[in-house]
Amino acid sequence: MEKTECQLRFANIFPFWDKLTDGQRENFCRNTHLVRYAKGENIHGGSGECTGGILVKSGCIRVYILSDEGREITLYRLYSGELCMLSASCVLQAITFDVMVDAEEDSECYIINGNMFADITKHNIYAENFALNLVASRFSDVMWVMQQILFMSFDKRLAIFLYDEMIKTGDEKIRLTQEQIAKYVGSAREVVSRMLKYFASEGIVSYSRGGVKILDKKKLKELALQ
């Protein structure tokens with residue numbers, strides 16, 4: 001990665017940047033590469049290899065786990081300026097499970113060499129604390145997903161997802177297929193279809209092949225919060 005761009009961009013992203021030596025910063029830039037991914041392309045997972053840190057420059061990536069039966073459970077999505085460290089088991093040895101990472105849309109990502117980053121965290125307490133705090137934060141997201149799946153009724157889970165998507169995008173039309181929604185909420189498409197049919201009968205949403213439209217935001221929010 002070009003040194004000047006690297007220094008300017010990462011100084012604003014990594015709080016430990018000014019705690020690195022000149023040599024460590026140069027090594028960091030040398031071992032970071034910008035990669036472009038097409039929508040749906042796999043970035044990490046399945047091979048057991050350490051991809052390293054994945055820093056989103058533009059677009060969106062989806063982090064998920066995959067069961068032996070092929071069921072996908074979305075853990076979280078990351079956008080511009082956000083970093084995935086669960087793809088860097090070589091950095092933090094405590095990461096003993098693998099995740100899958102796909103490009104949710106056409107995306108540009110900085111791939112940060114895992115071995116290089118591991119060496120920096122080994123010798124720099126500020127970088128190590130950053131990595132540990134980031135992973136702890138992501139595990140909090142993971143536990144929230146697991147809590148929803150294990151203990152929350154499906155109608156509430158789906159209502160929360162639809163309401164959050166509407167707030168995030170600022171659009172009453174959720175432009176996702178039922179298959180995509182099922183992946184996000186950790187369920188089967190048939191289950192999503194049945195619940196959307198019920199929501200539609202209650203006048204909360206309408207749906208088609210193009211996505212789901214929120215008709216009654218108040219009812220949806222009440223269902224999400226009940």
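Use the structure listed above.
What you see is a predicted model; the values in this text were computed from it and never measured.

## Remarks on the overall build of the protein chain
The helix and strand inventory of the protein chain stands at eight helices and eleven strands. Along the longest, intermediate and shortest principal axes, the C-alpha atoms of the protein chain span 65 × 35 × 30 Å. Among the 226 residues that make up the protein chain, the fraction classed as buried is 46%. In the protein chain, of all internal contacts separated by at least 6 residues, the share reaching a separation of at least 24 is 69%.

## Comments concerning the layout of surface pockets
Where empty space is left becomes clear once a probe the size of a water molecule has been rolled over the atoms. Estimated volume of the largest pocket: approximately 480 Å³. If you go around the largest pocket, you meet 22 residues; those closest to its centre are L75, W144, V145, Q148 and F161. Among the elements of the structure, strand 5 (72-79), helix 4 (125-151), helix 5 (154-169) and helix 6 (178-185) are those that each provide at least two residues to the lining of the largest pocket. Of the residues belonging to the lining of the largest pocket, the class tally is eleven nonpolar, three polar and eight charged. Each pocket or cavity is described by its volume, and for the second largest pocket that value is around 310 Å³.

## Looking at the sheet that holds strand 2 (residues 42-44)
Reading across from one edge, 2-7-4-5 is the order of the four strands in this open sheet, with antiparallel pairing throughout. Strands at the two margins of the open sheet, each flanked by one partner only, are strand 2 and strand 5. Across the sheet, the axes of successive neighbouring strands diverge by a mean angle of 30°, strand direction being ignored. By the bridge criterion, seven bridges tie strand 4 (residues 60-66) to strand 5 in an arrangement that is antiparallel. Its bridge partner being in strand 5, L66 is matched across the sheet by E72. Each of strand 4 and strand 5 touches helix 6; the most contacted strand, strand 5, lies at about 90° to it.

## Observations regarding the pairing of strand 5
Of all eight residues in strand 5, seven are buried, a share of seventy percent or more. The hairpin turn running from strand 4 into strand 5, its antiparallel successor, is five residues long, and G70 in that turn takes a positive phi close to 90°.

## Some points on helix 3 (residues 114-123)
Among all positions of helix 3, only G114, M116, F117, A118, I120 and T121 are buried. Tucked into the core, helix 3 has its buried residues touching helix 2 (22-30), strand 8 (107-112) and helix 4. N-capping of helix 3 is provided by N113, with a side-chain oxygen placed 3.1 Å from the backbone N of N115.

The rules behind these values
Residues numbered from 1 in each chain as written. Predicted model: local features only at pLDDT ≥ 70, side-chain atom pairs only at ≥ 80, totals over all residues. Heavy atoms only, no water. Helix = DSSP H or I, 4+ residues; strand = E, 2+ residues; numbered from the N terminus. Buried < 20%, exposed > 50% of the residue type's maximum accessible area, 1.4 Å probe, protein only. Contact = heavy atoms within 4.5 Å. 1 Å grid on protein atoms, 1.4 Å probe; cavity = no way out; pocket = protein on both sides within 12 Å on 5 of 7 lines; lining within 4 Å. Points joined across faces, edges and corners; volume = space filled by probe spheres on them. Nonpolar A, V, L, I, M, F, W, Y, C, P; charged D, E, K, R; others polar. Pairing = 2+ DSSP bridges. Axes fitted to C-alpha atoms, helices over the stretch in contact; angles between N-to-C directions. Polar contact = N/O pair within 3.5 Å; in protein donor to acceptor, adjacent residues only side chain to side chain.

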